Amino acid sequence: MSIAECNAIVPGNVARIIEKSGLKQNAVAERAGFSKQAFSDMLNGRKIIKPCDVIAISDALGVGVNELFIS
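Computed from a predicted model, the values in this text were never measured in an experiment. (Residues numbered from 1 in each chain as written. Predicted model: local features only at pLDDT ≥ 70, side-chain atom pairs only at ≥ 80, totals over all residues. Heavy atoms only, no water.)

Visitor: How should the environment of Ala60 be read in this particular structure?
Guide: Structurally, Ala60 is set in helix α5 (residues 51-61). For Ala60, a relative accessible area of 7% gives the class buried. Along the chain, Ala60 and Ala29 lie 31 residues apart, while their C-alpha atoms are 7.9 Å from each other. Not counting residues up to four positions away in its chain, the partners in contact with Ala60 are Val28, Arg31 and Ala32. (Helix = DSSP H or I, 4+ residues; strand = E, 2+ residues; numbered from the N terminus. Buried < 20%, exposed > 50% of the residue type's maximum accessible area, 1.4 Å probe, protein only. Contact = heavy atoms within 4.5 Å.)

The structure is reproduced here in structure tokens:
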């Protein structure tokens, strides 16, 4: 199983929420406690998004965790 398959739908939903909210990816990374590179790697399938990462990302975006998994 590839990293992209493990991450499944989360990166697409994160990108959609970022675009919809008018936030910058770097700002979300900082709020979530990630470096710009680590966050970019998560969203581009180069790093697995762990459950604790999902919680940090959802908090940074101001959405519920479930919203990151909706297809």
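Additional details are given in the paragraphs that follow.
Visitor: Looking at this structure, I do not really get the nonpolar core. What am I missing?
Guide: In a soluble, globular protein the nonpolar side chains are often hidden away together inside. Counting residues in hydrophobic clusters, the biggest one holds 20 residues, and the most contacted among them are Val14, Phe34, Phe39, Ile57, Leu61 and Leu68. Examining the composition of this core, we find that 5 residues originate from one element, α5, more than from any other. (Core = buried A, V, L, I, M, F, W, Y, C linked by side-chain atoms within 4.5 Å.)

Visitor: So what exactly am I meant to see when it comes to helix α2 (residues 10-21) here?
Guide: Think of an α-helix as turning once every 3.6 residues; residues three or four places apart then point the same way. Spanning 12 residues, α2 covers 16 Å between terminal C-alpha atoms, matching the ideal 16 Å at 1.5 Å per step. Of the positions making up α2, those classed as buried are Val10, Pro11, Asn13, Val14, Ile17 and Ile18. Buried residues along α2 cover an arc of 165 degrees about the axis, so they all sit on one side. Facing away from the buried side of α2 by more than 90 degrees, the exposed set consists of Glu19 and Lys20. At the C-terminal side of α2, Gly22 shows a positive phi close to 80 degrees. (Expected span 1.5 Å × (residues − 1). Arc of directions from axis to C-beta.)

Purely geometric stuff here, so don't read any function into it on its own.
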